[in-house]
Amino acid sequence: MDSAHVYYHGHCFDGVLSAAVIARFFRQRYGERCRIAFRGMTHRNRDPYGANHAAFFDGSINAVVDFRYSPASSLNWWCDHHHTAFLSEEDRLAFERGDNPQHCFDPAAPSCAALLDRFLRDNHGFDGADAVDLSWADRIDGAQFSSPKEPVELESPALRLMQLLESAPSWELEQRIITLLMERNIEAVEAAADVRQAVSNAVAQHTYTISQVAERMKVEHGVAIVDLRDMAQVGINRYIPYYLSDELHYAVVLSAPTGRSKVGLSRNPWAERGQPLDLATLAAEFGGGGHAAAAAVVFASEDRAAVDRCAAKIAERLRMVDG
Ligand SMILES: [Mn+2]
């Protein structure tokens, strides 16, 4: 056994923490001589593992955490909590039939990192002392905040690290952060010189984004539309509109990360309301996907007119719900 490959949900706080958890487990199970390599996965392609999954997973031991299932027999460890974990019904059946004791799926879990940690402790003898407070993964991935102030003002190191990771830092820096998280708590990781510098840049960018959202936000019947396509940035904090106006029920944010266009939709988790609309279902009508409370439609181009039409239709539907 010489190399373990960890495929994790990239540019995501929960994905990064999940990678650190399984890497600590591998150290314990396979020893210090086991080399661990990390690879961040993103949702750009329909099948993120390509045409030949068996060839994609090329470590002696392979693990996927906080990301899609694969029926490949070379996928030794798997843990996820996304509703969209299975690419097809066939894959879901393969998972159920497989009954693999090293595979774990629970769509009710708020975060993969805490789920994975429990799974490894309960079933595989993982007994490492917690380097990191994993309740942050539950709070961040499960959007368990008392008000929009918390995830927008970024007063704690975990939230600043979240903002940095969502702004898509280099894979090199992201994987250095994973390695640090194997041994140190979040506060100490944020205090490392290179991490601190990157965090401070991400926070400055975030502060500028807040001012831009405030200037551009158009609100009609509790639904905000914000066009940030000319800012060409990623990782726009989805709580900003609700921080700026607590009367909003939904927000539609247009952005253009690296040659693509994105219509992001979210609902205000703090607004009192009746039956909310499932945004994943709404986004799916336009070829997108996501979660019930936050979803997106991604366009492969910067076709402004098509994006405008899509955003307008979505906003109209949301205003109808809002009554
Ligand atoms: Mn997750």
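Residues numbered from 1 in each chain as written. Predicted model: local features only at pLDDT ≥ 70, side-chain atom pairs only at ≥ 80, totals over all residues.

**Quick word on the overall build of the protein**
- Looking only at helices and strands, the protein has 13 helices and 11 strands in total.
- Rg of the C-alpha trace for the protein: 20 Å, near the compact-globule value of 20 Å for 323 residues, within the 12% margin.
- Across its three principal directions, the C-alpha atoms of the protein cover 60 × 45 × 35 Å.
- Counting all 323 residues of the protein, 42% fall into the buried class.
- Once local pairs closer than 6 in sequence are excluded, the contacts in the protein between residues at least 24 apart make up 66%. (Helix = DSSP H or I, 4+ residues; strand = E, 2+ residues; numbered from the N terminus. Rg over C-alpha atoms; globule rule 2.2 N^0.38 Å. Buried ≥ 20, exposed ≤ 12 C-beta atoms within 10 Å, placed from the backbone. Contact = placed C-beta atoms within 7 Å.)

**What to know about the domain arrangement of the protein**
- Per the domain assignment, the segments of the protein are domain 1 (3–197) and domain 2 (217–322).
- Between the C-alpha centres of domain 1 and domain 2 there is a distance of 26 Å.
- Contact residues are listed per partner, giving 11 residues for domain 1 and 11 residues for domain 2.
- Breaking the side of domain 1 that touches domain 2 down by element, the ones donating at least two residues are α6 (149–153) and α7 (157–166).
- In terms of residues, the side of domain 1 that touches domain 2 owes the most to one element, α6, which gives three residues.
- Considered class by class, the residues forming the side of domain 1 that touches domain 2 number five nonpolar, four polar and two charged. (Domains from an automatic or database assignment. Nonpolar A, V, L, I, M, F, W, Y, C, P; charged D, E, K, R; others polar.)

**Re the sheet that holds strand β7 (residues 223–227)**
- The strand order across the open sheet formed by six strands is β6-β7-β8-β9-β11-β10, and the pairing between neighbours is mixed. Because the sheet does not close on itself, it has two edges, and the strands there are β6 (218–220) and β10 (289–290).
- With six bridges connecting them, strand β9 (residues 261–267) and strand β11 (residues 294–299) associate as antiparallel partners. Paired with G264 across the strands is A296, a residue of β11. (Pairing = 2+ DSSP bridges.)

**A closer look at the packing of helix α1 (residues 13–30) against helix α4 (residues 112–124)**
- The interhelical angle for the contact between α1 and α4, taken along N-to-C directions, is 20°, at an axis separation of 8 Å. When the axes of α1 and α4 are compared, the pair comes out roughly parallel. The crossing of α1 and α4 is right-handed. Counting all contacts with α1, which are made through D14, L17, S18, V21, I22 and F25, the residues of α4 involved are C112, A113, L116, D117 and L120.
- Among the residues making up the contact of α1 with α4, the classes are represented as eight nonpolar, one polar and two charged. (Axes fitted to C-alpha atoms, helices over the stretch in contact; angles between N-to-C directions. Parallel < 35°, antiparallel > 145°, perpendicular 65-115°, else oblique. Left-handed = near helix turned anticlockwise from the far one by under 90°.)

**Some remarks on the sheet that holds strand β3 (residues 61–65)**
- Spatially, β2-β1-β3-β4-β5 is the arrangement adopted by the five strands of the open sheet, whose pairing is parallel. Among the strands making up the open sheet, the edge pair consists of β2 (35–41) and β5 (103–105). Going from strand to strand, the sheet's axes swing by 10° on average, the running direction of each strand aside.
- Strand direction decides the pairing type here: strand β1 (residues 3–9) and β3, joined by five bridges, are parallel. Residue pairing for β3: H5 is matched across the bridge by N62.
- Each of β1, β2, β3 and β4 (77–80) touches α1; the most contacted strand, β1, lies at about 160° to it.
- Strands in contact with α4 are β3, β4 and β5; relative to β4, the strand with the most contacts, it is inclined by about 135°.

**Digging into α7**
- Among the 10 residues of α7, seven are classified as buried, and the element is accordingly described as predominantly covered.
- Taken residue by residue, α7 has A158, L159, R160, L161, M162, L164 and L165 as its buried positions.
- On its buried side, α7 packs onto α1, α5 (135–141), α6, α8 (171–181), α9 (186–191) and α10 (193–216).
- One or two positions beyond α7, positive phi appears at A168, with a value near 55°.

**A word on the packing of α7 against α10**
- Interaxial distance between α7 and α10 falls to 9 Å at its minimum, and their mutual angle equals 80°. Comparing their axes, α10 and α7 come out roughly perpendicular. Taken together, the residues of α10 that come into contact with α7 (itself represented by R160, L161, Q163 and L164) are A198, V199, A202, V203 and H206.
- Of the residues assigned to the contact of α7 with α10, the class counts are six nonpolar, two polar and one charged.

**Digging into the nonpolar core**
- V6, V16, I22, V65 and L116 are the most contacted members of the largest nonpolar core, which has 63 residues in total.
- Element by element, the count of residues in this core is highest for α1, at 10 residues.
- One finds V152, V226, V263 and L318 within the second-largest nonpolar core, a separate group that totals 30 residues. (Core = buried A, V, L, I, M, F, W, Y, C linked by C-beta atoms within 7 Å.)

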